[in-house]
Amino acid sequence: MNKDLLLEIGTEEVPAHFMPGILQQIADTAKKIFTDLRISYEDIRTVGTPRRMTLIMKGLNIKQADIQSENKGPSIKIAFDAQGNPTKACEGFARGQKVDVKTLEVRDGYVYAIVHEKGHDTEALLPEVLPNLINGLNFPKNMHWADLDVKFVRPIRWIVALFDDAVIDFTVANVSSGRISRGHRFLSQGDFSITRAADYETLLKEQFVIVDQVIRRSMIRQQIEELAAAKGGKADITEELLEEVVFLVEYPTALCGSFSEKYLLLPPETVITPMREHQRYFPVLAADGKLMPLFITVRNGGSEHLETVQHGNERVLRARLDDAQFFFDEDRKVKLVDRLEKLKTVVFQEGLGSIYDKTTRLEKLADFIGKAIGASAVEIETSVRAAKLAKADLVSGMVCEFTELQGVMGREYALLEGETKATAAAIYEHYLPRFAGDALPPSTAGRIVSIADKIDNIVATFSRGLIPTGSQDPFALRRQALGLVNIIIDAKYTISLADLVNCSLDLFDITDAATRSKMLVDVEDFLRLRIKNVLADAKIRYDIADAVISGGVFDVYSVYLKAKALSLEIDKEPMGKAIQAFVRVTNLAKKASMISINSSLFTLVEEKALYQAYTSTANAVESLVDGQDYSGAIDALMDLTTPIDVFFAGVMVMDKDETIKNNRLALLKSILELISHVADFSKIV
């Protein structure tokens with residue numbers, strides 16, 4: 001027989017962005033607890049609102065499963081004395097296993113205890129299980145309240161714990177469990193009783209609480225879309241904002257408000273940003289994609305007095321847009337280039353000067369990168385100009401008030417001041433990508449300045465010894481390094497990041513050879529992990545990724561091409577034999593002390609044949625690698641498979657004559673170096 005379990009933890013309002021993680025954690029924790037307890041169930045869900053987090057388990061077995069275990073004890077010699085009587089060691093083992101010593105079994109020279117454990121009633125276990133589940137939860141931030149020695153995301157106000165219709169009694173944070181829940185803070189009658197766990201969601205809906213976040217999400221999206229369509233537009237719904245709104249309300253009702261058309265003369269982002277980021281409103285776009293003087297918001301309540309709520313929201317937004325208008329008008333009085341001097345007052349990083357100093361480095365890096373990738377003179381000129389102005393909007397009133405608009409306002413002001421469209425675009429694009437899944441810079445100048453900015457940030461932070469560890473990454477270097485790798489791969493740039501790091505080190509005036517050498521190692525190790533992530537996202541097998549990055553990752557695009565080529569070749573029939581041959585070469589070549597080959601010392605047919613195959617293959621492989629044709633290089637290398645196999649079958653590499661041995665090892669070492677142009681095949685599983 002099965003029953004339903006309900007655990008509702010009622011709290012003060014929890015921050016919306018905490019809730020998805022909390023609900024997932026409750027589900028994962030409950031799954032582990034009940035699996036470990038051998039209690040089966042049919043289904044498990046977690047639902048929640050700002051004021052409650054709820055575990056619902058359907059078909060929970062009323063008893064633990066019985067188990068039988070066989071535990072090995074001491075040897076017969078230790079377990080019994082000369083007369084065959086149990087020793088103290090044997091009796092202690094039986095006592096520890098909670099079995100009668102007479103029931104111990106003897107076989108294979110040892111005693112065994114057969115332990116039968118009968119499952120307990122689930123209801124008897126729950127008073128301990130549920131408080132342990134609650135107390136074991138972790139949160140991004142905790143609160144203490146009253147004089148309690150308890151930490152939780154927000155103060156706990158009520159707990160409902162039902163096993164079908166039976167209350168599971170326990171106490172957490174001086175709050176005793178029961179069957180009394182609370183409805184919507186304003187619309188409901190307040191506290192109400194839940195008779196059975198199965199009635200939970202229905203009763204809450206009667207109390208104006210839509211507890212299932214999936215249902216709330218669907219309701220909110222539908223209401224927003226219908227309102228926008230009724231106004232002749234389309235709501236601009238971002239998933240991030242939608243999820244936040246889902247966990248801000250318990251009973252959603254969407255409403256539409258408006259604002260003066262004069263604000264449409266502002267750049268669209270200056271209207272959308274305060275609307276979306278500060279007020280949690282959804283913009284409405286016309287059929288041509290232009291912003292309409294409308295917004296949609298979601299109230300936590302019913303449809304009563306919507307007009308009053310609408311006017312209140314309109315007043316708040318109007319104040320925000322007035323601020324935006326003021327800052328925009330004031331900013332227009334000072335050109336971006338005239339703001340550069342003020343950047344000297346803004347610290348970049350401790351001990352590393354100002355943002356102005358960073359700007360001068362970006363100009364030089366942009367020039368260096370542009371030449372390294374073969375950009376045109378116009379593209380390099382655009383990149384350098386964009387690098388000069390890239391950070392100027394940081395001291396504008398608009399960006400100081402709405403920090404999300406950095407780069408956006410730089411682009412808008414640059415256009416209004418007569419800068420080229422390419423320069424203005426690069427100012428904005430150099431911040432891309434800003435988050436996982438964000439767009440990459442589409443223009444050459446944008447890519448150049450973005451690469452320059454990211455490599456400057458990485459080298460600057462590493463020079464202070466602040467390499468990200470664990471979850472600590474205060475300067476978001478992992479995100480920037482991922483962006484750097486993705487930009488280079490997307491743009492198909494063949495550029496040495498080692499050269500770029502060295503150029504950056506020069507600009508920081510870091511001259512100590514040991515420091516520079518360590519910096520290169522640290523940066524490469526850091527990038528190696530980011531490249532592995534990118535290759536994993538591209539569905540590249542982990543062993544192929546390991547194989548291609550083992551030779552270094554500073555030429556990011558080449559590493560990517562090698563991985564793609566090897567992925568295509570790996571399942572071809574000859575590849576398996578080739579890998580086996582290459583691995584044998586690798587294992588012996590490690591013992592080589594030199595790579596200078598004396599062909600006159602080759603006397604056996606097999607070694608002569610391998611040497612000839614190597615010399616005829618080497619030029620072709622090196623030429624293909626130089627042209628980044630790694631599939632062709634792999635095909636050429638596979639021609640060595642048979643000569644290698646024949647060589648190992650007929651030649652004793654470790655000859656007693658040191659000269660002959662070393663010459664054979666040198667041949668294998670040379671072949672290994674040739675193979676390593678593509679990958680370390682010993683990493684392939």
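Residues numbered from 1 in each chain as written. Predicted model: local features only at pLDDT ≥ 70, side-chain atom pairs only at ≥ 80, totals over all residues. Heavy atoms only, no water.

1. Overview of the overall build of the protein
In step 1: For the protein, the helix and strand inventory stands at 25 helices and 16 strands.
In step 2: For a compact globule of 685 residues, the expected C-alpha radius of gyration is about 26 Å, and the protein comes in at 34 Å, more than 25% above that figure.
In step 3: Across its three principal axes, the protein shows a C-alpha extent of roughly 105 × 100 × 45 Å.
In step 4: When the 685 residues of the protein are sorted by exposure, 49% land in the buried category.
In step 5: For the protein, the share of sequence-separated contacts (at least 6 apart) that also reach a separation of at least 24 residues comes to 68%.
In step 6: As displayed, the protein has an accessible area near 32600 Å², and 50% of this comes from carbon and sulfur atoms.
In step 7: Across the protein, the 81 positively charged side chains and the 96 negatively charged ones have centroids separated by 2 Å. (Helix = DSSP H or I, 4+ residues; strand = E, 2+ residues; numbered from the N terminus. Rg over C-alpha atoms; globule rule 2.2 N^0.38 Å. Buried < 20%, exposed > 50% of the residue type's maximum accessible area, 1.4 Å probe, protein only. Contact = heavy atoms within 4.5 Å. Areas by Shrake-Rupley, 256 points an atom, 1.4 Å probe, with all protein chains shown as cover. Lys, Arg positive; Asp, Glu negative; His and termini not counted. Charge placed at Lys NZ, Arg CZ, Asp CG, Glu CD.)

2. A look at the packing of helix α21 (residues 573–589) against helix α24 (residues 641–650)
The axes of two packed helices give the description: the angle between them and the distance between them.
In step 1: It is at 9 Å that the axes of α21 and α24 come closest, and there the two elements cross at 50°. In this view, α21 runs oblique relative to α24, as classed from their interaxial angle. The crossing of α21 and α24 is left-handed. Side by side, α21 and α24 meet where Lys577, Ala578, Ala581, Phe582, Arg584, Val585 and Leu588 of the first sit next to Thr641, Ile644, Asp645 and Phe648 of the second.
In step 2: Split by residue class, the contact of α21 with α24 holds 7 nonpolar, 1 polar and 3 charged. (Axes fitted to C-alpha atoms, helices over the stretch in contact; angles between N-to-C directions. Parallel < 35°, antiparallel > 145°, perpendicular 65-115°, else oblique. Left-handed = near helix turned anticlockwise from the far one by under 90°. Nonpolar A, V, L, I, M, F, W, Y, C, P; charged D, E, K, R; others polar.)

3. Focus on the pattern of salt bridges
In step 1: Scanning all chains against the criterion turns up 44 salt bridges.
In step 2: Note that glutamate 12 is salt-bridged to arginine 157, the shortest N-O span being 2.4 Å. Taken as a pair, glutamate 12 in the loop between β1 (2–11) and α1 (19–36) and arginine 157 in strand β7 (residues 156–163) lie far apart in primary sequence, 145 residues in all.
In step 3: Judged by relative accessible area, glutamate 12 falls into the partly exposed class, the value being 30%.
In step 4: Arginine 51 is paired through a salt bridge with glutamate 250; the nearest N and O atoms lie 3.9 Å apart. Remark: glutamate 250 occurs in the loop between α7 (239–246) and β14 (252–258) and arginine 51 occurs in the loop between β2 (43–49) and β3 (52–61); sequence separation between them is 199 residues. Each member of the pair, arginine 51 as well as glutamate 250, is classed as buried.
In step 5: Overlapping salt bridges, with partners in common, bring together Arg217, Arg221, Glu225, Glu239 and Glu243 in one network. (Salt bridge = Lys/Arg side-chain N within 4 Å of Asp/Glu carboxyl O.)

4. Some words on the pairing of β7
In step 1: The buried fraction of β7 amounts to 7 of the 8 residues, a majority that puts the element mostly inside the structure.
In step 2: In this sheet, strand β10 (residues 175–178) lies alongside β7 in parallel orientation, the contact comprising 2 bridges. Counterpart to valine 160 in the pairing with β10 is glycine 178.
In step 3: For β7 and strand β8 (residues 166–167), the ladder comprises 2 bridges, and the chain directions are antiparallel. Bridge pairing in β8 links leucine 162 to valine 167.
In step 4: With antiparallel pairing between neighbouring strands as the criterion, β7 and β8 make up a hairpin whose turn holds 2 residues, including aspartate 164 at a positive phi of roughly 60°. (Pairing = 2+ DSSP bridges.)

5. Some remarks on the sheet that holds strand β15 (residues 282–285)
In step 1: Judged by pairing direction, the sheet is antiparallel, and its 4 strands sit side by side in the order β13-β15-β16-β14 without closing on themselves. Each of the sheet's edge strands pairs with one partner strand only, and the pair in question is β13 (234–235) and β14.
In step 2: Note that β14 and strand β16 (residues 291–300) share 7 bridges and pair antiparallel. By the bridge assignment, leucine 255 is partnered in β16 with threonine 297.
In step 3: Packed onto the sheet, helix α9 (residues 306–331) meets β14 and β16 and runs at close to 55° relative to β14.

6. So, helix α23 (residues 630–638)
Spacing of three or four residues puts side chains on the same side of an α-helix, whose turn is 3.6 residues.
In step 1: Burial analysis of α23 places 7 of its 9 residues in the buried class, the great majority of the element.
In step 2: Along α23, the positions that sit buried rather than exposed are Tyr630, Gly632, Ala633, Ile634, Ala636, Leu637 and Met638.
In step 3: Buried positions along α23 lie against α20 (556–569), α21, α22 (605–626), α24 and α25 (658–675).
In step 4: Where α23 begins, the side chain of aspartate 629 points an oxygen toward the backbone nitrogen of glycine 632, at a separation of 2.9 Å. (Polar contact = N/O pair within 3.5 Å; in protein donor to acceptor, adjacent residues only side chain to side chain.)

7. Considerations on unusual backbone geometry
In step 1: Here the residue pair leucine 432 and proline 433 is connected by a cis peptide bond, since its omega of -10° sits within 30 degrees of zero.
In step 2: Summarising the element assignment, proline 433 is placed in the loop between α14 (421–429) and α15 (444–463).
In step 3: With phi around 65°, phenylalanine 208 is a residue other than glycine that occupies positive phi space.
In step 4: By the secondary structure assignment, phenylalanine 208 is in the loop between α5 (200–206) and α6 (213–230).
In step 5: Look at phenylalanine 208 and you get partly exposed, because its relative accessible area is 31%.
In step 6: Even without a glycine there, the phi angle at arginine 280 is positive, about 60°.
In step 7: Residue placement: arginine 280 occurs in the loop between α8 (268–278) and β15.

8. Structural notes on the side chain of glutamate 363
In step 1: Looking at the element boundaries, glutamate 363 is found in helix α10 (residues 355–372).
In step 2: Although glutamate 363 is buried, it forms no salt bridge, and the closest oppositely charged side chain is lysine 388 at an N-O distance of 4.1 Å.

9. Focus on the pairing of β10
In step 1: The sheet contact formed by strand β9 (residues 171–172) and β10 spans 2 bridges and is antiparallel. Looking at β10, one finds that threonine 171 is bridged to serine 176.
In step 2: Here β9 folds back onto β10, and the loop between the two strands holds 2 residues, one of which, alanine 173, carries a positive phi near 55°.

10. So, the sheet that holds strand β5 (residues 105–107)
In step 1: With antiparallel pairing, the 3 strands of this open sheet are ordered in space as β4-β6-β5. Whereas interior strands pair on both sides, the edge strands pair on one side only; in this sheet they are β4 (67–75) and β5. Neighbour to neighbour, the strand axes of the sheet diverge by 30° on average, direction disregarded.
In step 2: Where β5 and strand β6 (residues 110–117) come together, 3 bridges link them in antiparallel fashion.

11. Describing the nonpolar core
In step 1: If you look at the biggest cluster of nonpolar residues, it comprises 136 residues, and the most contacted ones within it are Phe259, Met398, Ile488, Leu527, Leu566, Leu668 and Phe681.
In step 2: Setting aside residues no more than four positions away along its own chain, leucine 566 makes contact with Ile544, Ala547, Val548, Met575, Ile634, Ala679, Phe681 and Ile684.
In step 3: Leu23, Leu126, Cys256 and Ile296 belong to the second-largest nonpolar core, a separate cluster that totals 58 residues. (Core = buried A, V, L, I, M, F, W, Y, C linked by side-chain atoms within 4.5 Å.)

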